[in-house]
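Structural characterization, general
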Amino acid sequence: MLTTILAQGPSVFDRRTLLSAFLPAVVFWGLTAVVVLDVAVGRRAALHSWQAAGGVAQGLALAAFLVWSALWAFLTAAMSTRSIRFLEGYGPRRGAAAPVRAGLRNRHVAAVDALERADTRLEMRHVALLEAGRLLVPPSPGEDGDGPPGADGELDRLLSRAEPAVADLRDEDVRDLPGRLRAWWLWSAAQPSAPGAGGAQQERQRRLDSVLRAFADRVARAERAVEAERAELLAQLAVYPADRSLIMPTRLGNVVRAAEGYGAERYGVDTVLVWPRLHPLLPDAAVKAETDARTVLDLLLNVCLSVVLFGLPLSALLAFGGAHPLPWWTPLLPLLAAVAMHCAPAVLLAAAAFALRAPGLPASWSDGRAGVGLQLALTGFAVVALLSAATYRAAVESAVAWGEQLKSAVDLYRWHLLDQLNVRRPADPEQERLIWGEVTGVLHRGYPPDAALVGYAGAGQASAAGSAAPRMFPVPVRPLPAFHPVGPGDVQPRWIWQDLPDERCAAAAEDIVGRSPLQPLEPGRPVPARLLLGPDAPGTTGPLTEVGIAIAGPDALGGTLRPGDRVDLTLFSADHGIASEFPGVLVLRYVPGPAAAPPDPTPPDTLVVAVEPVLAAALMRAARNTTAVATRPLPPTRPALTARSTGGAAT
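Values in this document were obtained by computation on a predicted structure and should not be read as measured data. (Residues numbered from 1 in each chain as written. Predicted model: local features only at pLDDT ≥ 70, side-chain atom pairs only at ≥ 80, totals over all residues. Heavy atoms only, no water.)

1. Comments concerning the packing of helix α14 (residues 332–341) against helix α15 (residues 344–356)
Selection criterion: Axis angles are defined between N-to-C directions and span 0 to 180 degrees, where every axis is a line fitted to C-alpha atoms and, for a helix, only to the segment in contact. Numbering of helices and strands runs from the N terminus; a helix is a DSSP stretch of H or I covering at least four residues, while a strand is a stretch of E covering at least two. Put simply, angles under 35 degrees are roughly parallel, angles over 145 are roughly antiparallel, angles from 65 to 115 are roughly perpendicular, and the rest are oblique. Left-handed describes a crossing whose near helix is turned anticlockwise from the far helix by less than a right angle; the clockwise case is right-handed. Any pair of residues with heavy atoms lying within 4.5 Å of one another is described as a contacting pair. Three classes are used: nonpolar for Ala, Val, Leu, Ile, Met, Phe, Trp, Tyr, Cys and Pro, charged for Asp, Glu, Lys and Arg, and polar for all others, with Gly counted as polar.
Contact geometry of α14 with α15 gives a least axis separation of 8 Å together with a crossing angle of 155°. Taken as axis vectors, α14 and α15 run roughly antiparallel relative to one another. In this structure, the crossing between α14 and α15 has a hand that is left-handed. Every residue of α15 that contacts α14 at L332, P334, L335, A338 and V339 is listed here: A346, V347, A350, A351 and F354. Each residue belonging to the contact of α14 with α15 can be placed in one class, and the counts come to ten nonpolar, no polar and no charged.

2. Here we look at a nonpolar patch on the surface
This is how the line gets drawn: Patch membership needs two things, relative accessible area over 30% and no salt bridge, and members are linked within 9 Å if like-charged or within 5 Å if nonpolar (Val, Leu, Ile, Met, Phe, Trp, Tyr). Only the protein chains shown count as cover for residues, and the accessible areas themselves come from Shrake-Rupley with a 1.4 Å probe. A pair is scored as a salt bridge if a Lys or Arg side-chain nitrogen falls within 4 Å of a carboxyl oxygen belonging to Asp or Glu. Only protein chains enter the accessibility calculation, which uses a 1.4 Å probe; a residue whose area is less than 20% of its type maximum is buried, one above 50% is exposed, and one in between is partly exposed.
Together, L19, L23 and V27 make up a nonpolar patch on the protein surface, roughly 230 Å² of accessible area in all. Within the element layout of this structure, L19 appears in helix α3 (residues 15–40). A residue is classified by how much of its surface remains accessible, and L19, at 31% relative accessible area, is partly exposed.

3. Some remarks on the nonpolar core
Our working definition: For the purposes of this section, nonpolar cores are sets of buried Ala, Val, Leu, Ile, Met, Phe, Trp, Tyr and Cys residues that join through side-chain atoms within 4.5 Å.
Core analysis: the biggest nonpolar cluster contains 34 residues, and L252, L278, L282, L297, L301 and W436 have the highest contact counts within it. When contributions to this core are tallied by element, the ones reaching two or more residues are α6 (80–88), α11 (251–266), α12 (271–278), α13 (284–320), α17 (369–420) and α18 (429–445). Sort the elements by how many residues they give to this core and α17 lands first, with eleven residues. Every residue in contact with W436, bar those within four places of it in the chain, is listed here: Y267, G268, V269, V274, R414, L417 and L418. Counting 29 residues, the second-largest nonpolar core is a separate cluster that includes V112, L122, L136 and V174.

4. Comments concerning the side chain of E223
Defined as follows: Under the convention used here, Asp and Glu are negative, Lys and Arg are positive, and both His and the chain ends fall outside the count.
Residue position: E223 is located in helix α10 (residues 198–237). This buried residue, E223, is left without a salt bridge; R224 holds the nearest opposite charge, at 7.3 Å. Beyond its immediate chain neighbours, meaning those up to four positions away, E223 contacts H126, L129 and L130.

5. Details of the layout of surface pockets
Put simply, the test is: Throughout, the protein atoms alone are placed on a 1 Å grid, and a set of points is a cavity if a 1.4 Å probe fits but cannot get out or a pocket if it is open with protein on both sides within 12 Å along at least five of seven lines; lining residues have an atom within 4 Å of a point. Grid points are joined across faces, edges and corners, and a volume is the space filled by probe spheres set on the points.
When its volume is computed, the largest pocket comes out at roughly 1,200 Å³. Taken together, 36 residues make up the lining of the largest pocket; nearest its centre are L31, A33, V34, V35 and D38. Secondary structure elements with two or more residues in the lining of the largest pocket: α3, α4 (43–52), α5 (55–78), α13 and α17. With nine residues, α3 is the single largest residue contributor to the lining of the largest pocket. Residue composition of the lining of the largest pocket, by class: 24 nonpolar, ten polar and two charged. Its volume calculated, the second largest pocket comes out at about 990 Å³. Lining of the second largest pocket is provided by 32 residues; of these, L87, L104, P249, T250 and Y392 occupy positions nearest its centre. Listed by contribution, the elements that provide at least two residues to the lining of the second largest pocket are α6, α7 (97–135), α13, α15 and α17. Each residue belonging to the lining of the second largest pocket can be placed in one class, and the counts come to 22 nonpolar, six polar and four charged.

6. Observations concerning the environment of V587
You can see V587 is positioned in strand β7 (residues 577–591). Classification of V587 as buried rests on a relative accessible area of 0%. If sequence neighbours within four positions are ignored, V587 has contacts with L518, L561, R562, P563, G564, D565, V567, L607, V608 and V609.

7. What about the pattern of salt bridges?
Under the criterion given, the structure shown has twelve salt bridges. Between K288 and D292 there is a salt bridge; the shortest N-O distance is 2.9 Å. Placement of both K288 and D292 in helix α13 is noted, with a separation of four residues, approximately one turn of the helix. On the basis of relative accessibility, which here comes to 23%, the residue D292 falls in the partly exposed class. The partner of K407 in a salt bridge is E404, and the shortest N-O contact between them spans 3.5 Å.

8. What about unusual backbone geometry?
The backbone of H342 sits at a positive phi, close to 60°, despite the residue not being glycine. With respect to the element layout, H342 can be found in the loop between α14 and α15. Of note, N422 is a non-glycine position whose phi angle comes to about 65°, a positive value. A residue is classified by how much of its surface remains accessible, and N422, at 43% relative accessible area, is partly exposed.

See the structure below:
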C-alpha cells in the first residue's frame, strides 16, 4: 500500500514540490511521531501496539499520516515565498527587530568595505607589477642608454639590494628597482669591453643579467599570485549587490539580490520584472537547469526552517519528558563539530551541556532529574543550531548556483523577450540600456509604448527619423492634477526616442519639482516649460487669481492660445476707443463657446487668464461693455500679430 501511495506522488505534486516540501514533511513529522510516542508510552509499548494492530488499521494510520504530510507540504509550498524572504532578511524596519536587522546589515556593509579596500590595494600592486614587468623585458637591439645612471659603486649597491629582493618582493622594490636595473643594463650593454678591466666588468654584467632575469621571473610569479587573489576577492564581492544601498542583513539575501540585480547592472534589464515573461521563453534545457537549482535551494531552506521548527520543541520534550540520561561525553560530539564549522551558538550550547555533566561535579546535581533534563535540552539545542547553520550555509551555496542560472538566462535569452514583445533589437550596448528602460516603463509604470521601439505598422520610418538622437526628459510617473505643486517622487528621467517636443520643455527634475502645472499632466510625457507655474515664473510676483473674459474667436488669435502663453489684453469701448490695457497676462485655458443655429448670434468664447489679485477686480470692471482683443508679440524682426474683432481678420 505504501508503494502505491508513493507511486501516486508525482501525479499530485510536481517534482520540485515533492522533493522540497513533501519529503521534508514526511521526515520531520515521522520523527515527531516517534519522539512523542517514545515519551508518552515508551518504545516497546508503541512497537507492540503497532504490531498488534491489523493491516487495515496500519494502512489507515499510514494513509492519514501521508495525507497530513501532504497537507503540510501544500502549506509549506504556499508559504515558501514568505519563508524565503524572511531568511533573505526582509522584515520590519521599525520595532524591536529593526536594530537587529540594522546591525546585521551593517556587518555586511563593513565586510564589503573591507573587500573593496583589499581589492584596491591588490589593484594598485597589480598595476605596479605590470609596469615592473614591462621595464624588465630584455631591451630591443639598438636600444641604448643616455649615460651612466649613477656614480661609481652605485651599481654594486643596487645589485646588493636587488639580489635579496628577489626572494622577498616588497612594494617599494617593485616601484623602484625595475627602472634602475633596466637603466644600468642598457648602459652596461652599450659599453665596450675595456682591456685589462674585463674581469670586474664582466662579473658585474653577469650579476646584472642574473638579477634582471630572476627579478623578471619573480615579478611574473607575483603578478599571477595577485591575479589569483583578486579573482578570489571578486568572487566574494560578486555575492553582494553592486549597489551598496541594496545590501541585505543576511548572506542569502545578498546572494539573491546580486543575482536579481545582475541584469540591471550589465544590460539595464530589471530581472525581477521580466522574469515571469522570460521564463516561458527559455528552452527545455535552461528550464530544467534552473528548476533543478531552485529545487535544491528550496529543499535546503525548508530543511533549515524545519530543523528549528521541529527541533526546539522536540529537544524540550525529550529533556523534560523522563528520557534516560546521555553519557557525559555526548555533548563533545556537537561541540567538536561546531568548532570545526565556526558556529558560535552551537559551541556555547554544547560547551554548557558538557560542563553540566563533566566529571568532578556533585552527583546529586549531575545525575538528578533537573541536571539530566537540562543537559539533554542544551545538547538538543546545540544540535539544532548546528544543523540549521549547516543547511543554511549549504542553501547559500545553492543560491549562488541558482543565481548563475538566472544570470545565464538573462545573458542568453533576453533578446528572445524583445522579439516576443515586438520590440526592435538594439544596435549597441548604450541603445540596449535605453530600450530596456523603455520596456521597464511600459511594463512597470504603464507608460504608453514608443512606436519607434514597438513594431507597430508604419513605425519603421518613425524609428529611422526619431531614434537617431534620443533625449532625456523628466516626466511624471503618474497623472498629476493641475495647480498642485509637483513633489520629488512625482517625476523621474526617461529617454524619449521619437515625437520629440517642438517647444522648450523642462530639462531637469529641478525645473518641475515645487512648481504647479497649469493643466493636468500625463505620465511619461515631457512637460512644456510654459505649463509650469512657480514663484520665479516670468511676470509673476505673488499669488494669482483666475479671471474669465468673454472674447470672440478672432480676437483670441483664432483660438490658437495655449495654457502658459503670455498675451497683452486690450479692452476697447464702443464710444471711447481703448479703455484699458493689461500686458503680459498669463493664459490658463481657452474655452470655445457652444455652437449656435444660423439665425442666432454666435456666443463668445471664454479666455481664462491669471492675474495678480490687485488687478483681478480692475480687469473684471474693465471687461464690462467692452471688446477684448489679445495680442502676442513676435520676435523683434517681425511685426506684432494682432487679432481684432472689427472686420474679423488678424493683422
